[in-house]
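Observations on the model geometry
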Amino acid sequence: MQNRIRKTWPLWDIPTRLTHGLLIAALILAWWSAETQRPDLHQWAGYSILVLVLARIVWGFIGSTPSLFSTFLKSPQNVWRYLFDRTQNKPSIEHARVTGHNPAGGWSVLVLLVLLFVQSVTGLFNSDDILFNGPFYHLLESDWQDRAGVIHDYAFDVLIAFIALHIVAVFFHYWRGRNLLLPMLRGKTQDCYSDQPPKASWRWLLVLLIFAAALWAAVQSAPQPTTQWF
Ligand code: HEM
Ligand code: HEM
């Protein structure tokens, strides 16, 4: 039998894959620490998510081609064609093969990032009204403190719903014969024929460190949150 060697192409660069893995870990930690009332862990998990999301957003402008927002955020017509138009020649699907996220998946990436951003930012202004205050809680009027708390509560449910949809979509594609998970783990794919090399990861690391340092400085300048949570 002829041994066919299929070429693989770079798809998800190291920053994109690391961000994904770390986001999953930090999100599980944020949820678990909230459930088990461990405010120290909760705030650090939350800060990590905020920094990772901000760095991913910047990477969406300066990163490797498949990770750029301009590559995967397509027009509504394109999304419609991808989802519903079974009759036409589908340039959108062909495009998805080249660049990674399909037109619908591209927008879901943005939704996930925005939800994670909202969740972590509202945490900064949240309080359990007993002993655990987010670092910037004191900056808001009491109306807005309440709103931050309500959003922090409800946004989590919306986030979990989108993550569930995200995972279902990944399994749906697997069932249809396309394994999206392997490229997210290994960085390479056999589908993609874009031969552009990935961008150097140090730029992402630098952005990440700048955001981490800025958040750290901002948190230090605020009254320290209490870390008892009973
Ligand atoms: C638990 C929370 C999760 C969050 C917040 C999350 C978030 C994201 C985000 C933001 C992306 C876009 C990657 C980028 O361009 O930066 C993505 C892609 C992806 N995620 Fe997740 N994810 C989660 C869990 C999972 C799980 C459990 C799986 C495995 C089943 C998974 C599989 C994937 C795959 C395969 C892609 C690439 C999709 C594609 O090829 O278009 N994710 N995820
Ligand atoms: C994406 C990151 C985050 C996630 C997923 C998350 C998730 C949660 C969840 C599920 C709860 C429990 C809500 C409830 O049952 O009432 C909670 C509570 C809380 N979180 Fe976060 N959180 C995040 C970030 C943060 C950050 C950065 C801070 C501040 C440092 C923070 C501060 C709080 C506080 C003070 C509470 C207690 C609210 C209460 O008991 O009413 N969170 N968070």
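Everything below is about the structure printed above this text.
This is a predicted model, so every value here is computed, not measured. As a convention, each chain's residues are numbered from 1 in the sequence order in which they are written. Whichever chain is written first is A, and whichever ligand is written first is 1; the rest continue in order. The predicted nature of this model means local features are confined to residues of pLDDT at least 70 and side-chain atom pairs, given and counted, to a pLDDT of 80 or more, with totals for whole chains, interfaces and linings taken over all residues.

**Considerations on the overall build of the protein chain**
- Strands are runs of DSSP state E lasting at least 2 residues, helices are runs of H or I lasting at least 4, and numbering of each runs from the N terminus. The number of helices and strands found in the protein chain is 9 helices and 2 strands.
- Ordered by position from N to C terminus, the α and β elements of the protein chain give β-α-α-α-α-α-α-α-α-β-α.
- Here exposure depends only on C-beta density: within 10 Å of a residue's C-beta, 20 or more other C-beta atoms make it buried, 12 or fewer make it exposed, and intermediate numbers make it partly exposed, the C-beta atoms being placed from the backbone. Across the 230 residues in the protein chain, those meeting the buried criterion constitute 28%.
- Considering only intrachain contacts with a sequence separation of at least 6, the fraction spanning at least 24 residues in the protein chain is 71%. Distance between backbone-placed C-beta atoms decides contact: two residues are in contact if it is within 7 Å.

**Structural notes on the site of ligand 1**
- Placing the C-beta atom from the backbone, one calls a residue near a molecule or strand if that atom lies within 6 Å of it. Around ligand 1, the surrounding shell holds 21 residues, and the nearest of these are His101, Gly105, Val109, Leu180 and Met184.
- At 6 residues, helix H1 (residues 14-35) tops the list of elements feeding residues into the shell around ligand 1.
- Note on residue classes: Ala, Val, Leu, Ile, Met, Phe, Trp, Tyr, Cys and Pro are nonpolar, Asp, Glu, Lys and Arg are charged, and everything else, Gly too, is polar. Per-class residue counts for the shell around ligand 1 are 12 nonpolar, 8 polar and 1 charged.

**Looking at the packing of helix H6 (residues 103-124) against helix H7 (residues 142-175)**
- With axes taken as lines fitted to C-alpha atoms, and helix axes fitted only over the stretch in contact, angles between N-to-C directions fall between 0 and 180 degrees. One way to put it is that H6 packs onto H7 with a least axis distance of 9 Å and a crossing angle of 155°. In terms of orientation, H6 and H7 fall into the roughly antiparallel class. Read as a crossing pair, H6 and H7 show a hand that is left-handed. Each of Gly105, Ser108, Val111, Leu112, Leu115, Leu116, Val118, Gln119, Thr122 and Gly123 in H6 lies in contact with H7, whose residues at this interface are Ala148, Ile151, His152, Ala155, Phe156, Val158, Leu159, Phe162, His166 and Ala169. Roughly parallel refers to an angle under 35 degrees, roughly antiparallel to one over 145, roughly perpendicular to one between 65 and 115, and oblique to any angle outside these ranges. Each crossing is labelled by how the near helix is turned from the far one, with a counterclockwise turn of less than a right angle marking it left-handed and a clockwise turn marking it right-handed.

**Quick notes on the packing of helix H4 (residues 76-84) against H6**
- Close contact between H4 and H6 brings their axes to 8 Å; oriented N to C, the two are set at 120°. Regarding the angle of H4 to H6, the classification is oblique. Of the residues in H6, those in contact with Asn78, Val79, Tyr82 and Leu83 of H4 are Pro103, Ala104 and Trp107.
- Along the lines of polarity and charge, the residues of the contact of H4 with H6 split into 6 nonpolar, 1 polar and no charged.

**Here we look at the site of ligand 2**
- Taken together, 23 residues lie around ligand 2, and Ala34, Gln43, Gly46, Gly123 and Asp128 are the ones closest in.
- Listing elements by their share of the shell around ligand 2, those giving two or more residues are H1, helix H2 (39-62), H6 and H7.

**Some thoughts on helix H9 (residues 202-221)**
- Given the number of residues in a helix, its expected span is that number minus one, multiplied by 1.5 Å. In this model, H9 (20 residues) spans 28 Å end to end at C-alpha, consistent with the 28 Å of a helix rising 1.5 Å per residue.
- What H9 keeps buried is the set Trp204, Val207 and Leu208. Along the axis of H9, the buried positions cluster into a sector of 100°, meaning they face one direction only. Across from the buried face of H9, at angles greater than 90 degrees, the exposed residues are Trp202, Leu206, Leu209, Ala213, Trp216, Ala217, Gln220 and Ser221.
- Packing partners of the buried residues in H9 comprise H1 and H2. By construction, the arc corresponds to the directions joining the helix axis to the C-beta atoms.

**Regarding the environment of Leu54**
- Position of Leu54 among the secondary structure elements: in helix H2.
- Once the C-alpha coordinates of Leu54 and Leu116 are considered, the two residues, 62 residues apart in sequence, prove to be 10.0 Å apart.

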